[in-house]
Amino acid sequence: MNSKTNLTINPQRLWDSLMETAAFGGTPKGGIKRLTVSDEDKEVRDWFKAECEKLGCTVQVDEVGNMFATRPGKKDILPIAMGSHLDTQPTGGKFDGVLGVLGALEALRSLVDMGYETNAPIMIVNWTNEEGSRFAPAMLCSGVYAGVFTADYAYTREDRSGVKLGDELSRIGYKGEHKAGAIKFESMFELHIEQGPILEAEEKIIGVVTGVQGMRWYEVTVTGQESHTGATPMGLRKNALLASARMIDAIDHVGMNHLPGVASVGLIENRPNSRNVVPGEVFFTVDLRHPDEAVLDKMEAAFRQSIAKIGAGSNVTFEEKCIWKSPAVKFAPALIECVRQGAKQAGYSSREMASGAGHDAAYIARVTPTTMIFVPCLGGISHNEAESTTLEECGAGAQVLLNAVLAHDASFA
Ligand code: GLV
Ligand code: MN
Ligand code: MN
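This text gives an overview of the structure that appears in the document. Just so it is clear, the structure is predicted and the values come from calculations on it, not from any experiment. (Residues numbered from 1 in each chain as written. Chains lettered and ligands numbered in written order. Predicted model: local features only at pLDDT ≥ 70, side-chain atom pairs only at ≥ 80, totals over all residues. Heavy atoms only, no water.)

**Concerning the coordination of the manganese ion (ligand 3)**
Link 1 in the chain: Bound to the manganese ion (ligand 3) on the protein side are Asp 96 (OD), Glu 131 (OE), Glu 131 (OE) and His 383 (NE2), at distances that span 2.1 to 2.4 Å.
Link 2 in the chain: Sequence spacing of the donor residues for the manganese ion (ligand 3), all on one chain, is D-x34-E-x251-H.
Link 3 in the chain: In this model, the manganese ion (ligand 3) sits 3.6 Å from the manganese ion (ligand 2), the two metals being bridged by Asp 96. Within this pair, whereas Glu 131 is found in the loop between β4 (122-126) and α4 (140-145), its partner His 383 is found in the loop between β16 (370-375) and α12 (391-409), the two being separated by 252 residues in sequence.
Link 4 in the chain: Accessibility expressed as a relative area gives 42% for His 383, which makes it partly exposed. (Donors = N, O, S within 2.8 Å, 3.2 Å for Na, K, Ca; no water. Helix = DSSP H or I, 4+ residues; strand = E, 2+ residues; numbered from the N terminus. Buried < 20%, exposed > 50% of the residue type's maximum accessible area, 1.4 Å probe, protein only.)

**Overview of the pattern of salt bridges**
Pairing between side chains becomes possible if they bear opposite charge and their charged atoms approach one another.
Link 1 in the chain: According to the stated counting rule, one finds 26 salt bridges in the structure shown.
Link 2 in the chain: Between Arg 171 and Asp 39 there is a salt bridge, with the nearest N and O atoms lying 2.8 Å from each other. Highlighted residues: Arg 171 in helix α6 (residues 165-171) and Asp 39 in helix α2 (residues 39-54), separated in sequence by 132 residues.
Link 3 in the chain: On the accessibility criterion, Arg 171 (45% relative accessible area) is partly exposed.
Link 4 in the chain: One continuous salt-bridge network, built from bridges that share partners, spans Arg 216, Glu 293, Asp 297, Glu 300, Arg 304, Glu 320 and Lys 325. (Salt bridge = Lys/Arg side-chain N within 4 Å of Asp/Glu carboxyl O.)

**A word on the packing of helix α8 (residues 240-256) against helix α9 (residues 293-313)**
Link 1 in the chain: α9 packs onto α8 with a crossing angle of 155 degrees between their chain directions and a minimal axis gap of 9 Å. Taken together, α8 and α9 sit at an angle that is classed as roughly antiparallel. The crossing of α8 and α9 is right-handed. Together, Ala 243, Arg 246, Met 247, Ala 250, Ile 251, Val 254 and Gly 255 of α8 and Met 299, Ala 302, Phe 303, Ser 306, Ile 307, Ile 310 and Gly 311 of α9 make up the contact between the two elements.
Link 2 in the chain: For the contact of α8 with α9, a count of residues per class yields 10 nonpolar, three polar and one charged. (Axes fitted to C-alpha atoms, helices over the stretch in contact; angles between N-to-C directions. Parallel < 35°, antiparallel > 145°, perpendicular 65-115°, else oblique. Left-handed = near helix turned anticlockwise from the far one by under 90°. Contact = heavy atoms within 4.5 Å. Nonpolar A, V, L, I, M, F, W, Y, C, P; charged D, E, K, R; others polar.)

**So, the nonpolar core**
Link 1 in the chain: With 99 residues, the main nonpolar core has Ile 124, Phe 185 and Phe 189 as its most contacted residues.
Link 2 in the chain: No other element matches α12, which puts 10 residues into this core.
Link 3 in the chain: Dropping the residues within four chain positions of it, Ile 124 is found in contact with Phe 48, Cys 52, Met 67, Phe 68, Ala 69, Met 82, Val 101, Ala 104, Leu 105 and Leu 108.
Link 4 in the chain: If you look at the next biggest cluster of nonpolar residues, it comprises 21 residues, including Val 222, Ile 251, Phe 303 and Ile 310. (Core = buried A, V, L, I, M, F, W, Y, C linked by side-chain atoms within 4.5 Å.)

**A short note on the environment of Val 286**
Link 1 in the chain: Along the chain, Val 286 turns up in strand β12 (residues 281-290).
Link 2 in the chain: Beyond its immediate chain neighbours, meaning those up to four positions away, Val 286 contacts Arg 216, Trp 217, Tyr 218, Val 220, Ile 251, Ser 264, Val 265 and Phe 303.

**Observations regarding the coordination of the manganese ion (ligand 2)**
Link 1 in the chain: Summarising the metal site, the manganese ion (ligand 2) is bound by the protein donors His 85 (NE2), Asp 96 (OD) and His 192 (NE2), whose distances to it range over 2.1 to 2.3 Å.
Link 2 in the chain: Along the chain, the residues donating to the manganese ion (ligand 2) are arranged with the sequence spacing H-x10-D-x95-H.
Link 3 in the chain: For His 85, a relative accessible area of 0% corresponds to the buried category.

**Some points on the packing of helix α1 (residues 11-21) against α12**
When two helices pack together, their arrangement is given by the angle between the helix axes and the distance between those axes.
Link 1 in the chain: Put simply, α1 and α12 touch, their axes get as near as 9 Å, and they point 110 degrees apart. Judged by the inter-axis angle, α1 sits roughly perpendicular to α12. When α1 is examined against α12, the residues Pro 11, Gln 12, Leu 14, Trp 15 and Leu 18 are found in contact with a partner set consisting of Leu 391, Cys 394, Gly 395 and Ala 398.
Link 2 in the chain: In the contact of α1 with α12, the residues fall into seven nonpolar, two polar and no charged.

**A short note on unusual backbone geometry**
Link 1 in the chain: The omega angle of the peptide bond from Leu 259 to Pro 260 is 5 degrees, so this bond is cis rather than trans.
Link 2 in the chain: By secondary structure assignment, the location of Pro 260 is in the loop between α8 and β9 (262-264).
Link 3 in the chain: In this chain, Arg 271 is followed by Pro 272 through a cis amide linkage whose omega measures 5 degrees.
Link 4 in the chain: With respect to the helices and strands, Pro 272 occurs in the loop between β10 (268-271) and β11 (277-278).
Link 5 in the chain: Within the chain, Asn 315 stands out as a residue other than glycine whose phi angle is a positive 65 degrees.
Link 6 in the chain: Positionally, Asn 315 belongs in the loop between α9 and β13 (317-326).
Link 7 in the chain: By relative accessible area, Asn 315 is classed as partly exposed at 41%.
Link 8 in the chain: Phi is positive for His 383, which is not a glycine, with a value near 55 degrees.

**Here we look at the environment of Ala 81**
Link 1 in the chain: Examined against the element boundaries, Ala 81 turns out to sit in strand β3 (residues 80-84).
Link 2 in the chain: Spatially, the C-alpha atom of Ala 81 lies 8.9 Å from that of Ala 104, the residues being 23 residues apart in sequence.
Link 3 in the chain: Among all residues touching Ala 81, those that are not within four sequence positions of it are Met 123, Val 125, Phe 185, Ser 187, Met 188 and Phe 189.

In structure tokens, the structure reads:
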């Protein structure tokens, strides 16, 4: 039975699991709100654990809640891992991250159905807090696994209401006993939706991902002075929101001036947020990305220069700090070749591409050979409840994931 040709995944079963788990945090608009280590995250984790155990896997959890489900292979060697994340944005879709975990589950279900024994054990990983939406930064617990952050750093990250990640992990019962980084694997493949428009525009089914662009996150607090909107003359205001608006516009220009770089402000808090008070304090976040670190340095300098100039000209003070840097990453050539072969074997059109979004694979690539597979998403829209990918595209991704894993597993024969 150990012939590769009959190993096909079941796209309908994968789709059914995607739709079943979309109920954990499902939103009226058809998306998912499943913030990391929330009650909804616990529900999907419990579901995932039970499904893996049904397949005869051992499920282990590390100290930052990363979950590892392992099916033994013929040889007692390190596993080949497939993984992504089950957490979502506050107005997230049904596929970002979830496809990578459930596509891996489908690949494993297919192996079990066919009684196929791999040489290496096969592992599925669910990484904690990839999104970085509730607790910044993104890719936090794959980062702990890779030694970029300590577990204590992760535990002490606070959401916008001051709740700590470590306390939430204990509350939902997913602060595991294993040290982060101690549960080893020898490679990782991450299946994901592209989250951009290229595959769709070129009518390609598979993205053979060669790396991830560099990313930097900053936090800015602008301080002016609260005063009466009716009684404070225009020329005497210290309006923190107006200064922030000018800064946000300048940040957009930083992106436009460094294409294909991107510059974004996604979170803003205006205080006291009352219609007849001139805003006294504004907090906002900045996200700069570019594939080339040297250009990212230039973007950072341009951003800092422009907000300093605007601050000085707007009668406000401000504080700015860089809270996260994730350098550009290149994936492992041997694994990229397995993905190329896997797409070819299944007869899917493909193209090579770099990822604009951040992924756990970016941190795991620091400690273990890693690569990624992309499938298209409708209109390139992601981080949106309308995020959409077809049953066929999800199935194609899971098939290429399985093919690539088996191509790599063949090297352990
Ligand atoms: C993660 O989703 C990121 O790219 O910010
Ligand atoms: Mn993702
Ligand atoms: Mn995401």
